[in-house]
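The residues making up each chain are set out below.
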Amino acid sequence: MDIFLIGLIAATLRVATPLILGTLGELFCERAGILNLGIEGIMFFGAFVGFVVAGASGSLWLGVLAAILAGALAGLLMAFLAVQLGVNQHVSGLGITLLLTGFSLFSFRLVFGEPRVPPSIDPFSRLSPLGETPILGPIFEQYALTYIALAIVPLVWWALYRTSFGLQIRAVGENPEAADAAGVSVYRVRYAALMIGSGLMGAAGAFLSLAQLGAFTYGIIAGRGWVCIALIIFGNWEPIKVLWGALLFGGVFALQLRLQTSGLQLPYEVFLALPYLVTIAALTVAGRNASYPAALLKPYKRE
Amino acid sequence: MIPLMHAIEMRSVTKRFGALLANDNVNFDLAPGEIHALLGENGAGKTTLMRILYGLYRADSGEIVVGGQPAHIASPKDAIGLGIGMVTQHFTLVPTLTVTENVSLGQAGGLAFDPKAARQKVADSAARFGIEINPDALVRHLSVGERQRVEIFKALYRNARVLILDEPTAVLVPQEVDVLFETLRRLQSEGLSVIFISHKLNEVMAVCQRITVLRGGRAAGTVNKSATTQKELARMMVGRETFGVTKEGARAQGEPLLRVDGLLVLDKKGWPALKGLSFDVRAGEVLGIAGVSGNGQTELTQALAGTLKPKAGNLRVGGRNLTHASPSQLAAAGVGRIPEDRHEGVVGELTVAENLALENLQDFTANGMLDHRRIRENAEKLIAEYQIKAAPTTRIRALSGGNMQKAILARALSRKPQVVIAAQPTRGLDVGATDYVRGKLLEQRDRGAAVLLISEDLDEILALSDRIAVIYEGRIVGILRAGEADAELLGLLMSGAKEMADGIKD
Ligand SMILES: Nc1ncnc2c1ncn2[C@@H]1O[C@H](COP(=O)(O)OP(=O)(O)O)[C@@H](O)[C@H]1O
Ligand SMILES: [Mg+2]
């Protein structure tokens, strides 16, 4: 296999990692009936908190943990607004994105001032479990977080389909009245789903600042949260299908990076737009028979 | 268990919704091992009483005793804990989950959910109760009857000793009703007590030992089946010996202006809602359609409005066949409509003037543009004529129910339609507005229009109709002159206990 393809596959896995984490997080929320549009802001917040904590403590893993906790905290806020108060989910989600983006930028200035070059950190290094093995060696030279993200996919599947809690999440997202009548606490399940899901979003952000970039920039998330929302529809709310969506997007993204340097005489914006165009195309095909969780966007209140 | 002890006792239970007294000092008791019917017209308070027992509503006052012990029931969880299960009118199942998952939902049992073990448990338990269900089926693939079976099983699986069924037969076809009754009798022989809500006399007589009748939120009495008749029950349910309201000034009637012949209409789920329904309404008469809600009134209204396409039969207005006409074609042919839900009859965000023009925009259009002056003048005229308390520029959603209904009347009647179709025209209105609307409908009759009045309010039907047709399960089971109507006959017809042998009586 030629070098180009090997490099492409390896880059695909790297680019897909935050998408996998973010999409699985969003999946938890949406399967419980809550559209979490806070995702973009929560990822940004996670990237920032992870970066600061890792820098201050000197431990990258402590940074990741802090990002997860920060995400879960944001999920708690989202749950309070959307579940407890029954605020419109578009409003509360976008509100959280705006709030966390602003808050992170503000805190960034407090900590770092206005640096000319973005502050950086010694990032995670890649593992190469297969060493110098031809083809597979370089493909699987990846960050530990990428392996973790890949491992979480079946874990999420198991949690949703093979645990009582997962059964409750699915029931609450489809028909909260039925869950309530069966003695399930709709609020408790939705709180938990939002906190777990948002924690995963925080980890997605930390991957960008602590592994892929090793730095924190204003545009670090660059709409990846919104891509995750689209990938959920593409994957029809199924963890395994969602993985394929993340890999597809990651693949096209990695490809356009390589095309930019290939000498093709096109404005680079065209290449940049490519993954998003593919997403739209994929969505128009897959989104047509999308089956939303029936209770998505609907606050639940017992009469 | 002590044999004669009450399984459940509800003592002077009262429940208000705002100003509405839904349950008024109701006493109700259920003996162990009996099937006890809760009988009553729509709105009598049956569902409310049982939702209180199942912890879905909280009573304002009164007490509940279960198995001799005073019980505090604040949520379905408490009720389940006391061995009470309820199958509500709208099923509480998750359509995307399997039967096993639905039944297991909310049941204690560790973190891991082992589908195989759960399936086995459900299958074994179903076999023990003799209930035929497929544990692997997705609920959304099940028929209504099968879903009901799952609901009943769900209650039994949670060790219910008392089973409440809220109008369980309303959604079933006759064959399924037979199966349900067989199941209930078998469960009864195993010691289960059942509260069976219904408004159908024949069913109540077929399966129950005792019957408690609710009327207007009060218990009208409890009787033993062996000591009563359908006639007596009908009287208790409707509450009057005779109505005796004959229409003043019955008019010489003219030609049939609205003719419905053999109408077959399917509801949203694909079940036949109107099964070959026929009647006609003549110029200068009010034909009232009486019936318990859910017997096809909604579908009839929609079919006559052109929003639900009949599968068979036809619909003629003044001799013209308009079976497949669109709503606007029907309006153009001279059909004026008062829709069942007045909020669906208007666009809340638009102004009163805009709503008044909405159904005949072509009259208010010049060169493809709306003629705002004409729209406004039209509104001012109608507001004065129909005493609507609003300005032309008021958003219509801000109007009270009575004023909104007047606006709808104004829009429908100002064009002097030859056929008027009024569905539940006074539902939720205060006395003044009710009188106004009824007066307007009688005016239409006197003007020579054919008026079809579809109403679940028997008093209204009796006050306005020249003839009364009774609808039951999608068919007209009898047509009588207003003077011939008495409680017994209407009650029997409305609950399906009787069908007039000669079909349509003139
Ligand atoms: N949640 C509610 N809010 C307001 N009014 C209600 C509510 N539930 C029932 N009602 C009213 O209480 C009365 C009794 O209703 P219900 O118990 O459903 O009667 P039934 O089951 O006998 O047809 C009706 O007038 C109904 O409109
Ligand atoms: Mg009811």
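Each remark here, short or long, concerns the structure printed above.
Being a predicted model, the structure only gives us computed values, none of them experimental.

> Before we go on, may I ask you to explain the interface of chain B and chain A in this structure?
Interface extent is often summarised as the accessible area lost during association of the parts. Every contact between the two is made by 24 residues of chain B and, on the other side, 21 residues of chain A. Buried area between chain B and chain A, both sides added, is near 1,900 Å², and the carbon and sulfur share of it is 62%. The three residues of chain B that bury the most area against chain A are Leu105, Leu111 and Phe113 of chain B, which together make up 26% of that side's buried surface. For the interface between chain B and chain A, the tally reads one salt bridge. Between Arg170 of chain A and Glu101 of chain B there is a salt bridge whose closest N-O contact spans 3.0 Å. Across the contact surface, chain B and chain A share four residue pairs in polar contact (both at pLDDT 80 or more).

> Even after reading the chapter, I still don't get the sheet that holds strand 10 (residues 218-224) of chain B, so can you show me in this structure?
Each strand in a sheet pairs with its neighbour through backbone hydrogen bonds, running either in the same direction (parallel) or in the opposite one (antiparallel). Residues and elements named next belong to chain B. Across the sheet, six strands lie side by side as 6-7-8-3-9-10; this open sheet has mixed pairing. Looking at strand neighbours, the two that pair on one side only are strand 6 (84-87) and strand 10, the edges of this open sheet. Neighbour-to-neighbour, the strand axes of the sheet open up by a mean angle of 15 degrees, direction not taken into account. Direction of pairing for strand 3 (residues 35-39) relative to strand 8 (residues 193-198): parallel, over a ladder of five bridges. For Ala37, the partnering residue across the bridge sits in strand 8 and is Phe196. Docked against the sheet, helix 1 (residues 46-53) engages strand 3, strand 6, strand 7 (162-165), strand 8 and strand 9 (210-215), running at close to 150 degrees with respect to strand 8.

> How should I be thinking about the site of ligand 1 in this particular structure?
Residue and element names in this part refer to chain B. In the vicinity of ligand 1 lie 13 residues, with Gly43, Gly45, Lys46, Thr47 and Thr48 positioned nearest. Within the backbone of Gly45, one N or O atom sits 2.9 Å away from an oxygen atom of ligand 1. Take Lys46: an N or O atom from its main chain is 2.9 Å from an oxygen atom of ligand 1. For ligand 1, whose unbound accessible area comes to 560 Å², protein coverage reaches 65%. Elements represented by at least two residues in the shell around ligand 1 include exactly strand 2 (20-30) and helix 1. Per-element accounting of the shell around ligand 1 gives the leading share, three residues, to helix 1.

> Help me understand the environment of Ala72 of chain A in this model?
Residue and element names in this part refer to chain A. Relative to the helices and strands, Ala72 is located in helix 3 (residues 60-84). Separated by 127 residues in the primary sequence, Ala72 and Gly199 place their C-alpha atoms 4.4 Å from one another. If we skip the residues at most four places from it in the chain, Ala72 touches Met195, Ser198 and Gly199.

> Looking at this structure, how should I read the packing of helix 11 (residues 239-260) of chain A against helix 12 (residues 268-286) of chain A?
For any two helices packed against each other, one specifies the crossing angle of their axes together with the interaxial distance. All names here are of chain A. Across the interface, helix 11 lies against helix 12 with an axial gap of 9 Å and an inter-helix angle of 160 degrees. Relative to helix 12, the element helix 11 lies roughly antiparallel. As for the relative orientation of helix 11 and helix 12, their crossing is right-handed in sense. Two secondary-structure elements touch here, helix 11 through Leu248, Phe249, Val252, Phe253, Gln256, Leu259 and Gln260 and helix 12 through Tyr268, Phe271, Leu272, Leu274, Pro275, Tyr276, Val278, Thr279 and Ala282.

> What is the right way to read the pairing of strand 6 of chain B from this model?
Consecutive side chains of a regular strand alternate in pointing toward one face of the sheet and then the other. All names here are of chain B. Covered by surrounding structure in strand 6 are Ile84 and Met86 together with Gly85 and Val87, the residues of both alternating faces. Pairing of strand 6 with strand 7, which is carried by four bridges, proceeds in the parallel orientation. Bridge pairing in strand 7 links Gly85 to Leu163.

> I tried to follow the sheet that holds strand 5 (residues 69-71) of chain B on my own but got confused; where do I start?
Residues and elements named next belong to chain B. Taking strand neighbours across the sheet as the criterion, the four strands line up as 2-1-4-5 in an open arrangement whose pairing is antiparallel. Each edge of the open sheet carries a strand with a single partner, namely strand 2 and strand 5. Taken over all neighbouring pairs, the strand axes of this sheet differ in orientation by 30 degrees on average, direction set aside. Where strand 4 (residues 61-66) and strand 5 come together, three bridges link them in antiparallel fashion.

> I would appreciate a short explanation of the pattern of salt bridges in the present structure.
If the charged atoms of two oppositely charged side chains come close together, the side chains can form a pair. Scanning all chains against the criterion turns up 26 salt bridges over all chains. A salt bridge links Arg109 of chain A to Glu114 of chain A; its shortest N-O distance comes to 3.8 Å. On the basis of relative accessibility, which here comes to 41%, the residue Arg109 of chain A falls in the partly exposed class. Counted as one network, the salt bridges with shared partners bring together Arg259, Asp280, Glu285 and Arg467 of chain B.

> How do you make sense of the packing of aromatic side chains when you look at a structure like this?
Each aromatic ring pair is described using two quantities: the centre-to-centre distance and the angle formed by the ring planes. All names here are of chain A. This model, assessed by the stated rule, comprises 18 aromatic pairs over all chains. Centroid distance Tyr143 to Phe207: 5.6 Å. Interplanar angle 80 degrees. Geometry classified as edge-to-face. Within this pair, whereas Tyr143 is found in the loop between helix 5 (136-139) and helix 6 (144-162), its partner Phe207 is found in helix 9 (residues 186-212), the two being separated by 64 residues in sequence. Looking at Tyr143, the relative accessible area reads 6%, which means it is buried.

Cut-offs and rules
Residues numbered from 1 in each chain as written. Chains lettered and ligands numbered in written order. Predicted model: local features only at pLDDT ≥ 70, side-chain atom pairs only at ≥ 80, totals over all residues. Heavy atoms only, no water. Contact = heavy atoms within 4.5 Å. Buried area = accessible area lost by both parts, 1.4 Å probe. Salt bridge = Lys/Arg side-chain N within 4 Å of Asp/Glu carboxyl O. Polar contact = N/O pair within 3.5 Å; in protein donor to acceptor, adjacent residues only side chain to side chain. Pairing = 2+ DSSP bridges. Helix = DSSP H or I, 4+ residues; strand = E, 2+ residues; numbered from the N terminus. Axes fitted to C-alpha atoms, helices over the stretch in contact; angles between N-to-C directions. Near = heavy atom within 4 Å. Areas by Shrake-Rupley, 256 points an atom, 1.4 Å probe, with all protein chains shown as cover. Parallel < 35°, antiparallel > 145°, perpendicular 65-115°, else oblique. Left-handed = near helix turned anticlockwise from the far one by under 90°. Buried < 20%, exposed > 50% of the residue type's maximum accessible area, 1.4 Å probe, protein only. Phe/Tyr/Trp six-rings, centres within 6.5 Å; stacked < 30°, edge-to-face > 60°.

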